[in-house]
Amino acid sequence: MEKTLADLGEFGLIGQIRRRFPAPEGVTGIGDDCAVLPQKSGLESLVSTDMLVEGTHFLRDGISPYDLGWKSAAVNLSDIAAMGGKPMATFLSLALPADLSETWINAFLDGYAELSGRFDVPLLGGDTTASPDRICINVTVLGESPYGRSRLRSAAVVDDLICVTGPLGDSAAGLKAILTGLERDADASTLIDRYCRPVPRVAEGQELRLNLGVHAMMDISDGIGSDLQHILDASEVSAQIDRSAIPLSLALKRVCARQGWDPLALAIGGGEDYELLFTCTRQAEMLICVPHFVIGKITKRSFSSSAGPDWQVSGFDHFKKR
Ligand code: ADP
Ligand code: MG
């Protein structure tokens with residue numbers, strides 16, 4: 001039978017594209033949170049693009065248009081934060097069904113404007129087209145860092161500590177709460193808010209970039225189970241993770257206890273937390289003022305077993321059969 005994308009998987013496809021289109025010398029291309037293009041001015045430009053598709057990333061009755069606008073901007077700024085960069089501008093492309101109400105569109109733009117305004121990032125262009133029935137949103141974000149200072153996924157070093165900037169699993173639990181129609185008490189609302197209105201760790205990313213002992217960095221979009229693997233593969237190292245050190249919010253613990261959900265499975269396999277995952281030396285870790293949690297350490301690449309830690313649950317892949 002002919003192979004399909006379900007066999008190849010999202011990352012198999014990206015790997016194929018990457019092999020066909022290698023980046024020119026001095027440029028970081030496919031494979032990191034952003035592309036990095038050196039500029040003559042002592043800076044480097046950061047570029048990333050992300051798509052949100054109705055039915056895949058969101059359901060029209062699962063998230064308000066305001067929150068969707070907020071989230072579309074937020075997830076893109078998060079990729080600049082992941083490099084330690086400063087977001088400079090976004091471009092917004094919309095494919096929309098003709099029967100979408102003006103109220104919906106205005107609420108979407110209100111949410112987009114609110115998030116962009118908080119980080120002082122202007123919207124400078126985009127594209128608009130009709131879509132037969134589904135809403136599709138694409139945002140491109142531009143950012144910058146001092147030359148050579150963006151944090152890549154490939155920079156982890158053996159004996160580095162592995163850290164995250166905040167609790168994991170809230171967003172996945174928030175989505176589950178929406179999908180199962182959970183009663184919106186204070187805890188459930190906290191989780192739903194984390195899913196609908198993620199806050200990109202922009203200031204935190206830039207602060208971490210100032211610390212030269214902070215090595216590899218990325219944002220957690222697919223779930224740490226698969227996201228950490230990207231750092232391990234890019235850096236050719238392995239990791240030891242202390243699952244009991246993975247930070248879980250009180251809201252997550254309480255809702256999981258009540259519903260019989262597994263909080264660690266949500267924290268490891270659930271995506272869209274948009275916290276930063278980074279590695280750093282032990283000395284550097286003592287100087288970090290940004291809130292963070294040490295969850296493990298980088299080890300020498302082991303070829304005997306699987307290269308990464310044994311999570312038992314993995315993150316999100318767009319095409320893999322589940
Ligand atoms: P993120 O979760 O940080 O947005 P992705 O997992 O979506 O990153 O993508 C991983 C890498 O693959 C990124 O460098 C991205 O630019 C690149 N990429 C993804 N899809 C494509 C594509 N269709 N063509 C070229 N590069 C792609
Ligand atoms: Mg990313």
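Here is a short report on the structure shown in this document. (Residues numbered from 1 in each chain as written. Chains lettered and ligands numbered in written order. Predicted model: local features only at pLDDT ≥ 70, side-chain atom pairs only at ≥ 80, totals over all residues. Heavy atoms only, no water.)

**Focus on the sheet that holds strand β1 (residues 35–38)**
The following threshold applies: Note: two strands are recorded as paired if DSSP finds a minimum of 2 bridges between them. Every helix listed is a DSSP run of H or I at least four residues long, and every strand listed is a run of E at least two residues long, numbered separately from the N terminus. Angles here are taken between N-to-C directions and fall from 0 to 180 degrees, while the axes themselves are lines fitted to C-alpha atoms, restricted in helices to the stretch in contact. When checking whether two residues touch, look at their non-hydrogen atoms; a contact exists if any pair is within 4.5 Å.
Here 5 strands make up an open sheet; going across it, the order is β1-β2-β5-β3-β4 and the pairing mixed. Two strands bound the open sheet, and with one partner strand each, they are β1 and β4 (123–130). Between one strand axis and the next, the sheet turns through 15° on average, direction left out of account. Here helix α2 (residues 65–81) sits on the sheet in contact with β2 (43–53), β3 (86–96) and β5 (136–146), set at roughly 35° to β5.

**A few points about the pattern of salt bridges**
Basically, it comes down to this: A side-chain nitrogen of Lys or Arg and a carboxyl oxygen of Asp or Glu constitute a salt bridge if their distance falls within 4 Å.
Applying the stated rule across the entire model yields 13 salt bridges. Each of Asp 170, Arg 194, Arg 201 and Glu 275 takes part in a single network of salt bridges with overlapping partners.

**As for the packing of helix α4 (residues 170–179) against helix α5 (residues 186–196)**
Applied cut-off: Our angle categories are set so that under 35 degrees counts as roughly parallel, over 145 as roughly antiparallel, 65 to 115 as roughly perpendicular, and the remainder as oblique. The residue classification treats Ala, Val, Leu, Ile, Met, Phe, Trp, Tyr, Cys and Pro as nonpolar and Asp, Glu, Lys and Arg as charged. All others, Gly included, are polar.
Running from N to C, α4 and α5 cross one another at 105°; their axes reach a closest spacing of 7 Å. Compared by their axis directions, α4 and α5 come out roughly perpendicular. Residues Asp 170, Ser 171, Ala 173, Gly 174, Leu 175, Ala 177 and Ile 178 of α4 touch α5, and the partners they reach there are Leu 191, Ile 192, Arg 194, Tyr 195 and Cys 196. Class assignment for the residues of the contact of α4 with α5 results in 8 nonpolar, 2 polar and 2 charged.

**Thoughts on the packing of aromatic side chains**
This is how it is decided: Two rings from Phe, Tyr or Trp (for Trp, the six-membered ring) form a pair when their centres are within 6.5 Å of each other. A pair whose planes differ by under 30 degrees is stacked, one over 60 is edge-to-face, and the rest are tilted. Under the scheme applied here, a residue whose accessible area is under 20% of the maximum for its type counts as buried, over 50% as exposed, and between as partly exposed, the area being computed with a 1.4 Å probe on protein chains only. By the criterion adopted, a ring carries a charge over it if an Arg CZ or a Lys NZ lies within 6 Å of its centre and within 35 degrees of its normal.
In this structure the tally under the stated criterion is 2 aromatic pairs. On the basis of an interplanar angle of 10° and a centroid distance of 5.6 Å, the ring pair of Trp 104 and Phe 108 is categorised as stacked. Of this pair, Trp 104 and Phe 108 both sit in helix α3 (residues 102–118), separated by 4 residues, roughly a single helical turn. The same class applies to Trp 104 and to Phe 108, which are both buried. Ring-pair connections join several aromatic residues into one group, and the members of that group are Trp 104, Phe 108 and Tyr 112. The aromatic ring of Trp 261 is capped on one face by Lys 176, whose charged end is 5.2 Å from the ring centroid. Above the ring of Trp 70, the side-chain terminus of Arg 197 is found at 5.7 Å from the ring centroid.

**Let's talk about the coordination of the magnesium ion (ligand 2)**
The line we're drawing: Here the term donor refers to an N, O or S atom within 2.8 Å of the metal (or 3.2 Å for Na, K and Ca), and because water is left out of the atoms, sites may appear incomplete.
Summarising the metal site, the magnesium ion (ligand 2) is bound by the protein donors Asp 33 (OD), Asp 79 (OD) and Asp 219 (OD), whose distances to it range over 2.0 to 2.1 Å. All donors of the magnesium ion (ligand 2) come from a single chain, and their spacing in sequence reads D-x45-D-x139-D. Here Asp 33, found in the loop between α1 (5–20) and β1, pairs with Asp 219, found in strand β7 (residues 214–219); they are 186 residues apart in sequence, far enough to count as distant. Accessibility assignment for this pair places Asp 33 and Asp 219 in one class, buried.

**Observations concerning the site of ligand 1**
Put simply, the rule reads: Here a residue is near a molecule or strand as soon as one of its heavy atoms is found within 4 Å of it. The term polar contact refers here to a pair of N or O atoms within 3.5 Å; inside protein, the definition further demands a hydrogen-donor-capable atom paired with an acceptor-capable atom, and it admits residues adjacent in sequence only when both atoms are side-chain atoms. Only the protein chains shown count as cover for residues, and all accessible areas are computed by the Shrake-Rupley method using a 1.4 Å probe.
Taken together, Phe 11, Ile 14, Ile 17, Ile 30, Gly 31, Asp 32, Asp 33, Asp 50, Asp 79, Arg 153 and Ser 221 make up all the residues around ligand 1. Asp 33 places a polar side-chain atom, nitrogen or oxygen, 3.0 Å from an oxygen atom of ligand 1. Within the contact set of ligand 1, an oxygen atom lies 3.0 Å away from a side-chain nitrogen or oxygen of Asp 79. Isolated, ligand 1 exposes 560 Å² of accessible area, and the fraction of that covered by the protein chains is 65%. Examining the composition of the shell around ligand 1, we find that 3 residues originate from one element, α1, more than from any other.

**As for a nonpolar patch on the surface**
Applicable threshold: Each patch is built from residues lacking any salt bridge and having more than 30% relative accessible area; the joining distance is 9 Å for like charges and 5 Å for nonpolar side chains (Val, Leu, Ile, Met, Phe, Trp, Tyr).
Nonpolar side chains collect at one region of the surface, where Ile 14, Ile 17, Phe 21 and Ile 30 lie side by side and expose about 340 Å² of accessible area between them. With respect to the helices and strands, Ile 30 occurs in the loop between α1 and β1.

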